[in-house]
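An overview of the molecular structure
In case you want the letters, here they are:
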Amino acid sequence: MRTFSVHSDYPFKSLMTDVADREIEKRIQGSSGLTNEKSFVGAAEVQERILGYRLKVDKLTFQYYFNTEVISRLVKLSSVYAPLVKYNTYTYDESETLSLKEILEAVKSLSLHYEFDVRELVKITGLPITKLKAAAG
């Protein structure tokens, strides 16, 4: 009867991890270097832009197939989906839907735990922030 030590499994685990990481990067993310621990900043930024582009392409592909194939098949499948005929074009809505009041309430509740970038808050809210008050603690 042969027994295995912890060290005898290491090459297999290392091989599987390397292969799995590489394949995930190539197949799912469409490029390599995003999840690599040793990636350089410049290369990682390029890969990030490629991933953003791929996300846009995936959204457009999904939108196309949903509009051309899925809606018509759902309508044929059941009368429950009949109202989808008048909504035959699906598009992604990436607009922000929070009102100014909701944004300010979120900042107020989260500011107990997190620090916010003042310039970004000015840009989002349009409120001129001149200086920060000292925290009473």
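Below is a summary of the structure that appears in this document. (Residues numbered from 1 in each chain as written. Predicted model: local features only at pLDDT ≥ 70, side-chain atom pairs only at ≥ 80, totals over all residues. Heavy atoms only, no water.)

Things to note about the overall build of the protein chain
Scanning the protein chain from terminus to terminus reveals four helices and zero strands. Sequence-ordered secondary structure for the protein chain, helices as α and strands as β, is α-α-α-α. Residue burial in the protein chain is summarised as follows: out of 137 residues, 8% are buried. Carbon and sulfur atoms provide 60% of the accessible area of the protein chain, an area that totals close to 12500 Å². (Helix = DSSP H or I, 4+ residues; strand = E, 2+ residues; numbered from the N terminus. Buried < 20%, exposed > 50% of the residue type's maximum accessible area, 1.4 Å probe, protein only. Areas by Shrake-Rupley, 256 points an atom, 1.4 Å probe, with all protein chains shown as cover.)

What about helix H2 (residues 41-77)?
Its 37 residues give H2 an end-to-end C-alpha distance of 50 Å, which sits within 8% of 54 Å, the value for a rise of 1.5 Å per residue. Residue Phe66 marks the point of greatest curvature in H2, where the axis turns by about 45 degrees. Among all positions in H2, only Gln47, Gln63 and Ile71 are buried. (Expected span 1.5 Å × (residues − 1). Bend = angle between axes of the 7 residues up to and from the residue.)

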